[in-house]
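The chain contents come next:
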Amino acid sequence: MSRLKQSEAKRRLRALGGWSMRASVIRRTFVFKGFPQAIRFVGRVARAAQAADHHPDIDIRWNRVTLALTTHSEGGLTAKDFAMARRCSALFPAGPKKS
């Protein structure tokens, strides 16, 4: 899988919603009602990541989970990162949460 050009990465980012990009990493913070809900989400992400063989960096802060994606072997963003980002967003329960 080849690294995306910056213009293509920006185009794909606009289609994601909620994700941001800095250098060659895309990230999003998901907010939950509490710690147990955040951890359940991390479990769902872990199963999806294992199935895709593409693993995000995960930062857990009580009710906030930040996922960061890049393809280290390609030295930047690839289509695999955006596919995993879409999958993670789909695993997020619908509706706004109070922080």
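These notes cover the structure that comes with them.

What counts and what doesn't
Residues numbered from 1 in each chain as written. Predicted model: local features only at pLDDT ≥ 70, side-chain atom pairs only at ≥ 80, totals over all residues. Heavy atoms only, no water. Helix = DSSP H or I, 4+ residues; strand = E, 2+ residues; numbered from the N terminus. Rg over C-alpha atoms; globule rule 2.2 N^0.38 Å. Buried < 20%, exposed > 50% of the residue type's maximum accessible area, 1.4 Å probe, protein only. Contact = heavy atoms within 4.5 Å. Areas by Shrake-Rupley, 256 points an atom, 1.4 Å probe, with all protein chains shown as cover. Axes fitted to C-alpha atoms, helices over the stretch in contact; angles between N-to-C directions. Left-handed = near helix turned anticlockwise from the far one by under 90°. Nonpolar A, V, L, I, M, F, W, Y, C, P; charged D, E, K, R; others polar. Salt bridge = Lys/Arg side-chain N within 4 Å of Asp/Glu carboxyl O. Core = buried A, V, L, I, M, F, W, Y, C linked by side-chain atoms within 4.5 Å.

## Topic: the overall build of the protein chain
Then comes step 1: Along the backbone of the protein chain there are three helices and four strands.
Then comes step 2: When the helices and strands of the protein chain are placed in sequence order, the string is α-β-β-α-β-β-α.
Then comes step 3: In terms of C-alpha radius of gyration, the protein chain reaches 13 Å, essentially the compact-globule figure of 13 Å for 99 residues.
Then comes step 4: Summarising its shape, the C-alpha atoms of the protein chain cover approximately 40 × 25 × 20 Å along the three principal directions.
Then comes step 5: The 99 residues of the protein chain split such that 39% are buried.
Then comes step 6: Of the contacts made within the protein chain by residues no fewer than 6 positions apart, 66% connect residues no fewer than 24 positions apart.
Then comes step 7: Summed over its atoms, the accessible surface of the protein chain is roughly 6,000 Å², and 52% of this surface lies on carbon and sulfur atoms.

## Points about the packing of helix H2 (residues 35-52) against helix H3 (residues 79-91)
Packed helices, taken two at a time, are described by their axes: the angle between them and the distance between them.
Then comes step 1: At a closest axis distance of 10 Å, the pairing of H2 and H3 adopts a crossing angle of 145°. You can see that H2 and H3 cross each other, and the crossing is right-handed. Listed contacts from H3 to Phe-41, Arg-44, Val-45, Ala-48, Ala-49 and Ala-52 of H2 are Lys-80, Met-84, Arg-87, Cys-88 and Leu-91.
Then comes step 2: Split into classes, the residues belonging to the contact of H2 with H3 amount to eight nonpolar, no polar and three charged.

## What to know about the pattern of salt bridges
Opposite charge on two side chains permits them to pair, given that their charged atoms come into close proximity.
Then comes step 1: Taken as a whole, this structure holds three salt bridges when the rule is applied.
Then comes step 2: Here Glu-8 makes a salt bridge to Arg-12, at a shortest N to O gap of 2.7 Å. On the criterion of helical spacing, the pair formed by Glu-8 and Arg-12 is a turn pair, its members being four residues apart in helix H1 (residues 6-16).
Then comes step 3: With its nearest N and O atoms 3.0 Å apart, the salt bridge here joins Asp-59 to Arg-61.
Then comes step 4: What makes Asp-59 partly exposed here is its relative accessible area of 31%.
Then comes step 5: Take Arg-61: its relative accessible area is 55%, and that puts it in the exposed class.
Then comes step 6: It is possible to trace a salt-bridge network through shared partners that takes in Glu-8, Arg-11 and Arg-12.

## Looking at the nonpolar core
Then comes step 1: Membership of the largest hydrophobic core comes to 24 residues, with the highest contact counts inside it found for Trp-19, Ile-26, Phe-41, Leu-67 and Phe-82.
Then comes step 2: Looking at this core, the elements with two or more residues in it are H1, strand S2 (25-31), H2, strand S4 (64-69) and H3.
Then comes step 3: The greatest single-element share of this core, amounting to six residues, is contributed by H2.
Then comes step 4: Apart from the residues within four sequence positions on either side, Phe-82 is in contact with Leu-4, Ala-9, Arg-12, Leu-13, Leu-16, Ile-26 and Leu-77.

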